[in-house]
Amino acid sequence: MPRKLRIKYYVEPDAASLASRAAQYLTEMVGEAVAAQGQARIAISGGSTPKAAFQLLADPGQPWRWRMPWDKLDLYWVDERTVPPDHADSNYHMTREALLDHVPLHPDHIHRMEGELEPEAAAARYESELRNSFRLEGAESPRFDLVALGMGDDGHTASLFPYTPAIHEMSRLVTANHVPQKDTWRLTLTWPVINHASSVFFLIAGEDKATVVNEVFRGQRDPERLPSQLIWPSSGILTL
(Lines give C-alpha, C1' and ligand atoms only; values in the text may rest on other atoms or scores of the structure.)
Protein backbone atom coordinates (compact mmCIF):
# COMPACT_ATOMS: atom_id res chain seq x y z
CA MET A 1 0.00 0.00 0.00
CA PRO A 2 1.17 3.57 -0.62
CA ARG A 3 1.94 5.49 2.53
CA LYS A 4 -0.47 8.24 1.59
CA LEU A 5 -3.80 8.15 -0.18
CA ARG A 6 -5.09 11.12 -2.13
CA ILE A 7 -8.87 11.23 -2.01
CA LYS A 8 -10.70 13.23 -4.69
CA TYR A 9 -14.21 14.21 -3.63
CA TYR A 10 -17.13 15.13 -5.89
CA VAL A 11 -20.29 16.18 -4.05
CA GLU A 12 -23.59 16.54 -5.89
CA PRO A 13 -26.80 18.16 -4.55
CA ASP A 14 -29.21 15.35 -5.43
CA ALA A 15 -29.51 11.81 -6.79
CA ALA A 16 -30.09 12.95 -10.39
CA SER A 17 -26.95 15.07 -10.38
CA LEU A 18 -24.97 12.21 -8.87
CA ALA A 19 -26.16 9.80 -11.57
CA SER A 20 -25.20 12.31 -14.26
CA ARG A 21 -21.77 12.80 -12.70
CA ALA A 22 -21.26 9.02 -12.54
CA ALA A 23 -22.29 8.54 -16.19
CA GLN A 24 -19.91 11.30 -17.23
CA TYR A 25 -17.06 9.87 -15.15
CA LEU A 26 -17.55 6.34 -16.50
CA THR A 27 -17.60 7.61 -20.08
CA GLU A 28 -14.50 9.75 -19.59
CA MET A 29 -12.49 7.00 -17.90
CA VAL A 30 -13.41 4.41 -20.52
CA GLY A 31 -12.55 6.90 -23.25
CA GLU A 32 -9.15 7.59 -21.71
CA ALA A 33 -8.35 3.88 -21.46
CA VAL A 34 -9.37 3.26 -25.06
CA ALA A 35 -7.29 6.20 -26.27
CA ALA A 36 -4.26 4.87 -24.38
CA GLN A 37 -4.46 1.16 -25.17
CA GLY A 38 -7.28 0.48 -27.61
CA GLN A 39 -9.68 -1.11 -25.11
CA ALA A 40 -11.11 -0.62 -21.63
CA ARG A 41 -11.88 -3.15 -18.93
CA ILE A 42 -14.10 -2.03 -16.07
CA ALA A 43 -15.74 -3.78 -13.11
CA ILE A 44 -19.08 -2.51 -11.82
CA SER A 45 -21.23 -2.96 -8.74
CA GLY A 46 -24.96 -3.27 -8.21
CA GLY A 47 -27.38 -1.03 -6.34
CA SER A 48 -29.88 1.73 -7.01
CA THR A 49 -27.28 4.48 -7.46
CA PRO A 50 -25.34 2.70 -10.23
CA LYS A 51 -28.66 1.73 -11.82
CA ALA A 52 -29.58 5.38 -12.31
CA ALA A 53 -26.19 6.03 -13.95
CA PHE A 54 -26.57 2.98 -16.20
CA GLN A 55 -29.99 4.21 -17.32
CA LEU A 56 -28.43 7.50 -18.37
CA LEU A 57 -25.69 5.68 -20.27
CA ALA A 58 -28.39 3.73 -22.12
CA ASP A 59 -30.62 6.73 -22.85
CA PRO A 60 -30.36 7.81 -26.52
CA GLY A 61 -31.35 11.30 -25.44
CA GLN A 62 -28.22 11.64 -23.31
CA PRO A 63 -24.73 12.41 -24.66
CA TRP A 64 -23.09 9.54 -22.77
CA ARG A 65 -24.91 6.95 -24.88
CA TRP A 66 -23.11 8.17 -28.00
CA ARG A 67 -19.75 9.05 -26.49
CA MET A 68 -19.12 5.64 -24.92
CA PRO A 69 -16.91 3.45 -27.16
CA TRP A 70 -19.03 0.35 -26.66
CA ASP A 71 -17.11 -1.72 -29.20
CA LYS A 72 -13.90 -1.29 -27.18
CA LEU A 73 -15.37 -1.99 -23.73
CA ASP A 74 -15.20 -5.19 -21.67
CA LEU A 75 -17.57 -5.28 -18.70
CA TYR A 76 -16.98 -7.27 -15.51
CA TRP A 77 -18.65 -7.38 -12.11
CA VAL A 78 -17.17 -6.57 -8.71
CA ASP A 79 -19.53 -8.93 -6.92
CA GLU A 80 -22.69 -10.95 -7.30
CA ARG A 81 -25.41 -12.59 -5.27
CA THR A 82 -25.73 -16.36 -5.48
CA VAL A 83 -28.90 -16.30 -7.57
CA PRO A 84 -29.69 -17.05 -11.24
CA PRO A 85 -29.10 -14.27 -13.81
CA ASP A 86 -32.84 -13.61 -14.22
CA HIS A 87 -33.42 -13.22 -10.47
CA ALA A 88 -34.53 -9.79 -9.23
CA ASP A 89 -31.62 -9.70 -6.75
CA SER A 90 -28.96 -10.37 -9.37
CA ASN A 91 -26.53 -7.53 -10.07
CA TYR A 92 -26.23 -8.81 -13.62
CA HIS A 93 -30.02 -8.77 -14.02
CA MET A 94 -30.20 -5.14 -12.89
CA THR A 95 -27.41 -4.14 -15.27
CA ARG A 96 -28.99 -6.00 -18.15
CA GLU A 97 -32.36 -4.30 -17.70
CA ALA A 98 -30.92 -0.83 -17.08
CA LEU A 99 -28.09 -0.90 -19.61
CA LEU A 100 -27.15 -4.01 -21.57
CA ASP A 101 -30.49 -4.50 -23.33
CA HIS A 102 -30.20 -0.99 -24.78
CA VAL A 103 -26.59 -0.54 -25.90
CA PRO A 104 -24.38 -2.17 -28.59
CA LEU A 105 -22.07 -4.01 -26.20
CA HIS A 106 -21.08 -7.33 -27.78
CA PRO A 107 -22.05 -10.41 -25.71
CA ASP A 108 -18.44 -11.63 -25.83
CA HIS A 109 -17.46 -8.48 -23.93
CA ILE A 110 -19.87 -9.13 -21.06
CA HIS A 111 -18.24 -11.19 -18.32
CA ARG A 112 -20.82 -12.02 -15.67
CA MET A 113 -20.36 -13.97 -12.45
CA GLU A 114 -22.39 -17.19 -12.56
CA GLY A 115 -24.36 -16.79 -9.36
CA GLU A 116 -26.52 -19.79 -10.14
CA LEU A 117 -23.59 -22.18 -9.56
CA GLU A 118 -22.37 -23.56 -6.24
CA PRO A 119 -20.49 -20.60 -4.65
CA GLU A 120 -16.97 -22.05 -4.64
CA ALA A 121 -17.39 -23.34 -8.18
CA ALA A 122 -18.70 -19.95 -9.34
CA ALA A 123 -15.75 -18.15 -7.75
CA ALA A 124 -13.28 -20.54 -9.39
CA ARG A 125 -15.00 -20.13 -12.77
CA TYR A 126 -14.80 -16.33 -12.56
CA GLU A 127 -11.17 -16.43 -11.52
CA SER A 128 -10.51 -18.60 -14.57
CA GLU A 129 -12.44 -16.11 -16.72
CA LEU A 130 -10.25 -13.28 -15.44
CA ARG A 131 -7.06 -15.25 -16.03
CA ASN A 132 -8.09 -16.11 -19.58
CA SER A 133 -9.49 -12.75 -20.65
CA PHE A 134 -6.60 -10.78 -19.15
CA ARG A 135 -4.08 -13.43 -20.28
CA LEU A 136 -2.56 -13.65 -16.83
CA GLU A 137 0.43 -15.78 -15.96
CA GLY A 138 1.38 -17.21 -12.59
CA ALA A 139 0.54 -14.89 -9.72
CA GLU A 140 -0.34 -11.92 -11.94
CA SER A 141 -3.43 -9.92 -11.02
CA PRO A 142 -5.83 -8.33 -13.52
CA ARG A 143 -5.44 -4.59 -13.87
CA PHE A 144 -8.86 -3.11 -14.46
CA ASP A 145 -8.95 0.36 -15.95
CA LEU A 146 -11.74 1.25 -13.56
CA VAL A 147 -13.47 -0.38 -10.59
CA ALA A 148 -16.75 1.18 -9.46
CA LEU A 149 -17.72 0.49 -5.84
CA GLY A 150 -20.58 1.22 -3.48
CA MET A 151 -20.55 1.36 0.29
CA GLY A 152 -23.09 -0.10 2.70
CA ASP A 153 -24.20 1.57 5.90
CA ASP A 154 -22.25 -1.16 7.73
CA GLY A 155 -19.03 -0.13 5.99
CA HIS A 156 -18.93 -3.03 3.54
CA THR A 157 -17.93 -2.67 -0.09
CA ALA A 158 -18.12 -5.17 -2.94
CA SER A 159 -19.20 -8.27 -0.97
CA LEU A 160 -16.52 -7.74 1.66
CA PHE A 161 -18.76 -7.70 4.72
CA PRO A 162 -17.66 -7.04 8.31
CA TYR A 163 -16.10 -10.01 10.11
CA THR A 164 -16.33 -12.36 7.10
CA PRO A 165 -13.58 -14.60 5.64
CA ALA A 166 -13.14 -12.60 2.42
CA ILE A 167 -11.54 -9.78 4.41
CA HIS A 168 -8.50 -12.03 4.91
CA GLU A 169 -8.32 -13.46 1.38
CA MET A 170 -5.20 -12.20 -0.38
CA SER A 171 -4.11 -15.04 -2.65
CA ARG A 172 -7.18 -15.44 -4.85
CA LEU A 173 -8.68 -13.10 -7.42
CA VAL A 174 -12.28 -14.04 -6.67
CA THR A 175 -13.73 -15.65 -3.58
CA ALA A 176 -17.02 -17.07 -2.34
CA ASN A 177 -17.84 -15.28 0.89
CA HIS A 178 -20.31 -16.58 3.45
CA VAL A 179 -22.18 -13.66 5.00
CA PRO A 180 -23.88 -14.82 8.24
CA GLN A 181 -25.60 -11.49 8.83
CA LYS A 182 -27.50 -11.98 5.59
CA ASP A 183 -27.65 -15.79 5.82
CA THR A 184 -26.28 -16.16 2.31
CA TRP A 185 -23.19 -16.52 0.14
CA ARG A 186 -21.76 -13.83 -2.11
CA LEU A 187 -19.17 -13.81 -4.89
CA THR A 188 -16.64 -11.01 -4.84
CA LEU A 189 -13.39 -9.75 -6.25
CA THR A 190 -10.81 -9.73 -3.50
CA TRP A 191 -9.53 -6.43 -2.18
CA PRO A 192 -5.99 -6.81 -3.59
CA VAL A 193 -7.54 -7.11 -7.08
CA ILE A 194 -9.64 -4.00 -6.52
CA ASN A 195 -6.64 -2.06 -5.26
CA HIS A 196 -4.59 -3.06 -8.31
CA ALA A 197 -6.95 -1.23 -10.69
CA SER A 198 -5.76 1.86 -12.52
CA SER A 199 -8.68 3.83 -11.09
CA VAL A 200 -11.07 3.11 -8.22
CA PHE A 201 -14.10 5.13 -7.24
CA PHE A 202 -16.90 4.93 -4.72
CA LEU A 203 -20.40 5.94 -5.81
CA ILE A 204 -22.26 6.77 -2.60
CA ALA A 205 -25.66 8.42 -2.24
CA GLY A 206 -27.81 9.50 0.69
CA GLU A 207 -27.35 11.52 3.86
CA ASP A 208 -27.64 8.29 5.85
CA LYS A 209 -24.22 7.25 4.50
CA ALA A 210 -22.44 10.39 5.72
CA THR A 211 -21.57 8.96 9.13
CA VAL A 212 -20.08 5.72 7.84
CA VAL A 213 -18.16 7.50 5.05
CA ASN A 214 -16.62 9.82 7.62
CA GLU A 215 -15.77 6.88 9.86
CA VAL A 216 -14.20 4.89 7.01
CA PHE A 217 -11.94 7.67 5.79
CA ARG A 218 -11.30 9.66 8.95
CA GLY A 219 -11.89 7.24 11.79
CA GLN A 220 -9.70 4.68 13.49
CA ARG A 221 -8.49 1.92 11.19
CA ASP A 222 -10.48 -1.25 11.78
CA PRO A 223 -11.08 -3.08 8.46
CA GLU A 224 -12.63 -6.08 10.22
CA ARG A 225 -15.49 -3.81 11.20
CA LEU A 226 -15.25 -1.42 8.24
CA PRO A 227 -14.06 -3.42 5.21
CA SER A 228 -14.19 -0.34 2.97
CA GLN A 229 -10.95 0.69 4.71
CA LEU A 230 -9.24 -2.11 2.78
CA ILE A 231 -9.66 -0.09 -0.40
CA TRP A 232 -6.31 1.66 -0.74
CA PRO A 233 -5.49 1.74 -4.46
CA SER A 234 -1.92 1.13 -5.53
CA SER A 235 -2.25 4.24 -7.71
CA GLY A 236 -2.44 6.30 -4.52
CA ILE A 237 -5.67 7.97 -5.70
CA LEU A 238 -9.24 7.20 -4.69
CA THR A 239 -12.25 9.02 -6.09
CA LEU A 240 -15.51 9.58 -4.22
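Below is a summary of the structure that appears in this document.

Quick notes on the rules
- Residues numbered from 1 in each chain as written.
- Predicted model: local features only at pLDDT ≥ 70, side-chain atom pairs only at ≥ 80, totals over all residues.
- Heavy atoms only, no water.
- Helix = DSSP H or I, 4+ residues; strand = E, 2+ residues; numbered from the N terminus.
- Rg over C-alpha atoms; globule rule 2.2 N^0.38 Å.
- Buried < 20%, exposed > 50% of the residue type's maximum accessible area, 1.4 Å probe, protein only.
- Contact = heavy atoms within 4.5 Å.
- Areas by Shrake-Rupley, 256 points an atom, 1.4 Å probe, with all protein chains shown as cover.
- Lys, Arg positive; Asp, Glu negative; His and termini not counted.
- Charge placed at Lys NZ, Arg CZ, Asp CG, Glu CD.
- Pairing = 2+ DSSP bridges.
- Core = buried A, V, L, I, M, F, W, Y, C linked by side-chain atoms within 4.5 Å.
- 1 Å grid on protein atoms, 1.4 Å probe; cavity = no way out; pocket = protein on both sides within 12 Å on 5 of 7 lines; lining within 4 Å.
- Points joined across faces, edges and corners; volume = space filled by probe spheres on them.
- Nonpolar A, V, L, I, M, F, W, Y, C, P; charged D, E, K, R; others polar.
- Axes fitted to C-alpha atoms, helices over the stretch in contact; angles between N-to-C directions.
- Left-handed = near helix turned anticlockwise from the far one by under 90°.

Thoughts on the overall build of the protein
Then comes step 1: For the protein, the helix and strand inventory stands at seven helices and 10 strands.
Then comes step 2: At 17 Å, the protein has a C-alpha radius of gyration in line with the 18 Å of a compact globule built from 240 residues.
Then comes step 3: If one aligns the C-alpha atoms of the protein with their principal axes, the spans along those axes are about 45 × 40 × 35 Å.
Then comes step 4: Each of the 240 residues in the protein was classed as buried or not, and the buried ones make up 50%.
Then comes step 5: Of the contacts formed within the protein by residues at least 6 apart in sequence, a portion of 70% connects residues at least 24 apart.
Then comes step 6: Carbon together with sulfur atoms contributes 49% to the accessible area of the protein, which is approximately 11400 Å² in total.
Then comes step 7: In the protein, 24 positive and 32 negative side-chain charges are present, and the distance between their average locations comes to 6 Å.

Section: the pairing of strand β7 (residues 174-179)
Then comes step 1: For β7, the buried fraction is high: five of the six residues fall into the buried class.
Then comes step 2: Sheet analysis places β7 next to strand β8 (residues 184-189), joined by six bridges and oriented antiparallel. By the bridge assignment, His178 is partnered in β8 with Trp185.
Then comes step 3: Turn length for the β7-β8 hairpin, with the two strands adjacent in sequence and antiparallel, is four residues, and the turn residue Asp183 shows positive phi of about 50°.

Focus on the pairing of strand β6 (residues 146-149)
Then comes step 1: The alternating pattern of β6 places Leu146 and Ala148 and Val147 and Leu149 on opposite faces, both of which are buried.
Then comes step 2: Pairing of β6 with strand β9 (residues 200-202) involves three bridges; the strand directions are parallel. The partner of Ala148 across the bridge, within β9, is Phe201.

Regarding the nonpolar core
Then comes step 1: The biggest cluster of nonpolar side chains holds 72 residues, and the ones touching the most others in it are Leu57, Leu130, Phe144, Leu189 and Ile194.
Then comes step 2: A total of 10 residues in this core trace back to one element, the largest contributor, which is helix α1 (residues 15-37).
Then comes step 3: Among residues more than four places away in sequence, those in contact with Leu57 are Ala23, Leu26, Thr27, Trp64, Arg65, Met68, Trp70, Leu99 and Val103.

A closer look at the layout of surface pockets
Then comes step 1: Approximately 690 Å³ is the volume found for the largest pocket.
Then comes step 2: Looking at the lining of the largest pocket, the elements that each hand over two or more residues are α1, β9 and α7 (210-218).
Then comes step 3: Each residue belonging to the lining of the largest pocket can be placed in one class, and the counts come to 17 nonpolar, three polar and six charged.
Then comes step 4: Lining the second largest pocket are 28 residues, with Gly46, Gly47, Arg81, Gly150 and His156 positioned closest to its centre.
Then comes step 5: Looking at the lining of the second largest pocket, the elements with two or more residues in it are α2 (48-58), β4 (79-81) and α4 (91-98).
Then comes step 6: It is α2 that provides the largest number of residues to the lining of the second largest pocket, a total of three residues.

Observations concerning the packing of α1 against α2
Each pair of packed helices can be summarised by the angle the axes make with each other and by the distance between the axes.
Then comes step 1: Taken N-terminus to C-terminus, the directions of α1 and α2 make an angle of 65°; their axes are 8 Å apart at the nearest point. Regarding α1 and α2, the two cross each other, and that crossing is right-handed. Facing α1, whose interface residues are Leu18, Ala19, Ser20, Ala22, Ala23, Leu26 and Thr27, α2 presents Thr49, Ala52, Ala53, Phe54, Leu56 and Leu57.

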